[in-house]
Amino acid sequence: MDDLDELIAYLTPREDNEAITSYQNTTAVTCPACDEPFDDLVVCNQEFTSLELDYELDLCTTVHDGNVLLFTHKP
């Protein structure tokens, strides 16, 4: 992924804390890993981060500047 800032410009911010920053994909941007629209982008801000999910998700991942990026897809 070359330009995370450009990607984020198309997304809606949802949560920003010490552990994660999350964005909702409200404009049907495609996932850089699978080329399908994704639901949310979660940026892990710490080396170790735990996510508690309320529902099942498909995930695509990549790393940008040392941060893990999770692209969620609701089945």
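Our structure's up above, just so we're on the same page.
Just so it is clear, the model here is predicted, and its values are computed rather than measured.

**Some thoughts on a negative patch on the surface**
Among the surface-exposed residues, Asp3, Asp5, Glu6 and Asp65 lie close enough to one another that they form a single negatively charged patch. Note on placement: Asp3 falls in the segment before helix H1 (4–9).

**Here's the deal with the pairing of strand S1 (residues 12–16)**
Little of S1 is tucked away, with 0 of its 5 residues classed as buried. Taken together, the 4 bridges between S1 and strand S2 (residues 20–24) define a ladder with antiparallel strand orientation. In the strand pairing of S2, Thr12 is matched with Gln24. Turn length for the S1-S2 hairpin, with the two strands adjacent in sequence and antiparallel, is 3 residues.

**Some words on the side chain of Thr21**
Within the fold, Thr21 resides in strand S2. Separated by 2.9 Å, the side chains of Thr21 and Asp16 make a polar contact. A distance of 3.0 Å separates polar atoms of two side chains, one belonging to Thr21 and the other to Asn45. With sequence-adjacent residues up to four places away left out, Thr21 is seen in contact with Glu15, Asp16, Leu41, Val42, Val43 and Asn45.

**So, the pairing of strand S3 (residues 40–44)**
Among the 5 residues in S3, 5 count as buried, and that is most of the element. Going residue by residue along S3, you find Asp40, Val42 and Cys44 tucked away on one face and Leu41 and Val43 tucked away on the opposite face as well. As defined by bridge partners, S2 adjoins S3 across 5 bridges and the pair is classed as antiparallel. Pairing of Gln24 across the sheet is with Asp40, part of S3.

**Considerations on the packing of aromatic side chains**
Enumeration over the complete set of coordinates arrives at 1 aromatic pair. For the pair Phe38 and Phe71, a centre-to-centre distance of 5.0 Å together with 80° between the ring planes defines the contact as edge-to-face. One end of the pair, Phe38, is in the loop between S2 and S3; the other, Phe71, is in strand S5 (residues 67–73), and 33 residues separate them in sequence. Judged on exposure class, the residue Phe38 and its partner Phe71 are both buried.

**Overview of the environment of Leu11**
When you line up the elements, Leu11 lands in the loop between H1 and S1. Look at Leu11 and you get buried, because its relative accessible area is 8%. Spatially, the C-alpha atom of Leu11 lies 18 Å from that of Val63, the residues being 52 residues apart in sequence.

Criteria and cut-off values
Residues numbered from 1 in each chain as written. Predicted model: local features only at pLDDT ≥ 70, side-chain atom pairs only at ≥ 80, totals over all residues. Heavy atoms only, no water. Patch = residues over 30% accessible without salt bridge, like charges linked within 9 Å, V, L, I, M, F, W, Y side chains within 5 Å. Areas by Shrake-Rupley, 256 points an atom, 1.4 Å probe, with all protein chains shown as cover. Salt bridge = Lys/Arg side-chain N within 4 Å of Asp/Glu carboxyl O. Lys, Arg positive; Asp, Glu negative; His and termini not counted. Charge placed at Lys NZ, Arg CZ, Asp CG, Glu CD. Helix = DSSP H or I, 4+ residues; strand = E, 2+ residues; numbered from the N terminus. Buried < 20%, exposed > 50% of the residue type's maximum accessible area, 1.4 Å probe, protein only. Pairing = 2+ DSSP bridges. Polar contact = N/O pair within 3.5 Å; in protein donor to acceptor, adjacent residues only side chain to side chain. Contact = heavy atoms within 4.5 Å. Phe/Tyr/Trp six-rings, centres within 6.5 Å; stacked < 30°, edge-to-face > 60°.

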